[in-house]
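One letter stands for each residue in the lines below.
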Amino acid sequence: IYSGAILARLKKEGFGFKGNYMVSAVVMEEPAEQIGMIGLYEQTLPARGLTVDGVVSCEATSLKIYCGHRGRVELKVEVSGVTSHGSTPWLGVNAVNQAMKLVDAVEKRYAAEYKEDEKLGKSSIALTIINCTPGAMCIVPDRCNITYDRRLVPGETPEDAVREIQELIDRLHGEDPAFRATVEVSTVPRTTYTGKTVALPNIKEGWRIPE
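Residues numbered from 1 in each chain as written. Predicted model: local features only at pLDDT ≥ 70, side-chain atom pairs only at ≥ 80, totals over all residues. Heavy atoms only, no water.

This part takes up the packing of helix α3 (residues 95-112) against helix α4 (residues 158-175). Direction vectors running N to C along α3 and α4 enclose 125 degrees, while the axes themselves pass 10 Å from each other. Taken together, α3 and α4 sit at an angle that is classed as oblique. Judged by the twist between their axes, the crossing of α3 over α4 is right-handed. Note on element contacts: α4 touches α3 through Ala161, Glu164, Ile165, Glu167, Leu168, Ile169, Arg171 and Leu172, opposite Lys101, Leu102, Ala105, Val106, Arg109 and Tyr110. When grouped by side-chain class, the residues that make up the contact of α3 with α4 number 9 nonpolar, no polar and 5 charged. (Axes fitted to C-alpha atoms, helices over the stretch in contact; angles between N-to-C directions. Helix = DSSP H or I, 4+ residues; strand = E, 2+ residues; numbered from the N terminus. Parallel < 35°, antiparallel > 145°, perpendicular 65-115°, else oblique. Left-handed = near helix turned anticlockwise from the far one by under 90°. Contact = heavy atoms within 4.5 Å. Nonpolar A, V, L, I, M, F, W, Y, C, P; charged D, E, K, R; others polar.)

Right, here's the structure in full:
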């Protein structure tokens, strides 16, 4: 904001510039996968005949210049079981117990196999949410839902992240046919202050530019 004001003052004082400088204030940047910036770039600017050659992103960097950022994809895993009464658990398949197999397999895989960028560090995965249904006393759960926060280095894609989890699911199913699970990128509808609702996958691409 200050940089735009300074340039505007310099222009009034007679200094010339070779291009246009814009300051944007977009909605739902952090909680909604940059939906405001996407709308600005894909809709508002073209409608006004404006183009963009470069961007300065005002993230909190303590005034240091950063040339890249790891990407992010939110993965939604659902592990299926078979419900039964808690007094006869052998009649069902406990989805939480099955999910623990996958949790262990994920931890082991990414402890041994991860990609690394010389500037941005290594990729990572973190289990952030886990719950089960029906989630009631005396009932063996038939669903266990897990959310993973997967951080990507440049060169990795959301498709890579999904494929890696799917490979573990396939392996566990081969070892135990009763093991069943699905994985997909989480998509959540977001509603702006105008009332407009848009569903976007929870994805941010990793990137790095030369110093």
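Following the structure, the description resumes.
Our focus in this paragraph is the layout of surface pockets. Leftover empty space is mapped by rolling, across the atoms, a probe with the size of a water molecule. The calculated volume of the second largest pocket comes to roughly 400 Å³. Residue lining of the second largest pocket: 17 residues in total, with Val27, Ile35, Gly36, Gly39 and Lys196 positioned closest to the centre. When contributions to the lining of the second largest pocket are tallied by element, the ones reaching two or more residues are α2 (35-47) and β11 (197-201). (1 Å grid on protein atoms, 1.4 Å probe; cavity = no way out; pocket = protein on both sides within 12 Å on 5 of 7 lines; lining within 4 Å. Points joined across faces, edges and corners; volume = space filled by probe spheres on them.)

As a further point, take the environment of Tyr21. For Tyr21, the location among the structural elements is in the loop between α1 (2-12) and α2. The spatial distance from the C-alpha of Tyr21 to the C-alpha of Val55 is 9.7 Å, given a sequence separation of 34 residues.

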